[in-house]
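# Residue-level structure breakdown
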Amino acid sequence: MSELILHHYDMSPYAEKIRLALGLKRLHWRSVQTPMVLPKPDHMELTGGYRRVPVLQIGADIYCDTHLIVRVLDRIRPDPPLSPPGLETIEHAFSRWAETNFMMAILAFFGIGGIFPEEFVEDRKKTMIPPGMDLDGASAIVSSKLLQLRSNVLRLESMLRDGRLFMLGGTASAADLSAYHPLMMLGMHERTRAQLEGAPYVAEWMERVRSIGHGESRPLESAEAIAIARQSDPAGFDGEPVVPEGMKLGSPVLVLPDEYGSGNVTGALAPSDIFKIAVRRKTERAGEVVVHFPREDHGLIALP
Ligand SMILES: N[C@@H](CCC(=O)N[C@@H](CS)C(=O)NCC(=O)O)C(=O)O
């Protein structure tokens with residue numbers, strides 16, 4: 001198998017989830033640093049327009065979104081499982097809750113101000129905040145969002161109070177990594193850090209998760225990652241492909257992520273299973289690549 005290449009930036013909490021997942025599985029990986037703001041020409045060359053990080057590249061296959069990356073890593077190295085057999089839906093629901101509910105509350109940071117560089121806030125205002133949503137008014141909501149964060153921390157504290165080491169039992173899973181990465185950000189400001197006080201079980205659990213580490217990585221330039229894609233063929237697909245009614249394999253489609261501002265990707269519909277969608281694209285510098293997305297929060301539209 002080709003090397004695992006993670007496209008990410010250090011400050012990205014979602015990328016932290018995958019760095020920890022690679023650490024948990026003791027995998028070796030290559031690290032490509034992606035710019036935090038647009039333009040991201042090399043990143044987009046591989047994804048076809050999806051701007052978010054992290055993205056996992058294996059040869060000419062490009063996997064977008066942490067939920068899909070977790071599934072891919074479990075396939076490559078099943079032990080220890082990120083999504084434990086029999087608990088997959090619980091892990092998934094827990095992870096989604098932690099990432100949506102916590103992350104939205106953390107948007108209060110925009111209201112507190114002075115945490116992110118100005119250029120970063122301007123980029124997100126222009127490209128990722130839905131029309132009609134007023135970031136300038138974010139400070140008005142800060143105090144209620146801080147209590148929302150506190151209530152989430154207390155939920156985690158009450159789960160851990162029975163002495164379990166990790167959220168789903170004695171071993172770490174993606175549920176831990178998904179709750180950890182937004183919590184980790186709370187340390188960035190005294191008002192958010194205060195929400196972690198008086199929660200000793202959460203504090204010890206955070207330390208256990210942090211100490212998982214990131215596995216072994218070596219840096220890679222984005223141009224080299226593109227060259228690796230060019231020299232590789234996309235992996236084949238075994239089994240019966242799942243194709244939406246009215247669409248045909250090989251015909252042009254537009255991928256529509258549910259998350260606002262992720263960027264739209266077009267390509268030829270490629271074979272995939274019920275849990276993900278895949279499009280094949282021909283690119284100038286990376287040659288032929290297949291870009292994969294989780295089906296659960298990505299739609300497809302047939303193009304003429
Ligand atoms: N649902 C996505 C969310 C990823 C996400 O929002 N990542 C942030 C960074 S932490 C991002 O890419 N923001 C836009 C950007 O970097 O251009 C996932 O689970 O991977």
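Residues numbered from 1 in each chain as written. Predicted model: local features only at pLDDT ≥ 70, side-chain atom pairs only at ≥ 80, totals over all residues.

Contact geometry for helix 1 (residues 13-24) and helix 8 (residues 174-186): axes closest at 8 Å, N-to-C directions at 140 degrees. With respect to each other, helix 1 and helix 8 are oriented oblique. Pair helix 1 / helix 8 crosses with right-handed handedness. Along the contact surface, helix 1 presents Pro13, Tyr14, Glu16, Lys17, Leu20 and Ala21, while helix 8 presents Ala174, Leu177, Ser178, His181, Pro182, Met184 and Met185. Per-class residue counts for the contact of helix 1 with helix 8 are nine nonpolar, two polar and two charged. (Axes fitted to C-alpha atoms, helices over the stretch in contact; angles between N-to-C directions. Helix = DSSP H or I, 4+ residues; strand = E, 2+ residues; numbered from the N terminus. Parallel < 35°, antiparallel > 145°, perpendicular 65-115°, else oblique. Left-handed = near helix turned anticlockwise from the far one by under 90°. Contact = placed C-beta atoms within 7 Å. Nonpolar A, V, L, I, M, F, W, Y, C, P; charged D, E, K, R; others polar.)

This paragraph deals with unusual backbone geometry. Backbone torsion omega between Leu38 and Pro39 reads 0 degrees, so that peptide bond is classified as cis. By the secondary structure assignment, Pro39 is in the loop between strand 2 (28-33) and helix 2 (41-47). Residue Pro54 is bonded to the preceding Val53 through a cis peptide linkage, with omega at 0 degrees. Although it is not a glycine, Arg26 sits at a positive phi angle of roughly 50 degrees.

Around the ligand, the neighbouring residues are Ser12, Pro13, Tyr14, Met36, Arg51, Arg52, Val53, Asp65, Thr66, His67 and Glu259. Those elements that provide at least two residues to the shell around the ligand are helix 1 and helix 3 (66-76). (Near = placed C-beta within 6 Å.)

When its domains are assigned, the protein resolves into domain 1 (4-79 + 217-302) and domain 2 (88-210). Taking only C-alpha atoms, the centre of domain 1 and the centre of domain 2 are 25 Å apart. On the side of domain 2, 15 residues touch domain 1, which itself brings 13 residues to the contact. Here the element with the most residues in the side of domain 1 that touches domain 2 is helix 1; it accounts for seven residues. For the side of domain 1 that touches domain 2, the per-class residue count stands at 10 nonpolar, one polar and two charged. (Domains from an automatic or database assignment.)

Sheet architecture is open: 10 strands sit in the order 5-2-1-3-4-9-8-7-6-10, paired in mixed fashion. What marks the edges here is a single partner per strand, and that holds for strand 5 (216-219) and strand 10 (298-302). Each adjacent strand pair in this sheet contributes to an overall mean axis angle of 35 degrees, direction not counted. (Pairing = 2+ DSSP bridges.)

Between its first and last C-alpha, helix 8 extends 19 Å over 13 residues, near the 18 Å set by a 1.5 Å rise per residue. The axis of helix 8 is deflected most strongly, by about 25 degrees, at Tyr180, and proline Pro182 appears within four residues downstream. Counting buried positions along helix 8 gives 11 out of 13 residues, so the element sits mostly inside the fold. Looking at helix 8, one finds that the buried residues are Ala174, Ala175, Asp176, Leu177, Ser178, Ala179, Tyr180, His181, Pro182, Leu183 and Leu186. In this structure, the buried side of helix 8 is in contact with helix 1, helix 3, helix 4 (88-106), helix 7 (142-160), helix 9 (190-193) and helix 10 (200-210). (Expected span 1.5 Å × (residues − 1). Bend = angle between axes of the 7 residues up to and from the residue. Buried ≥ 20, exposed ≤ 12 C-beta atoms within 10 Å, placed from the backbone.)

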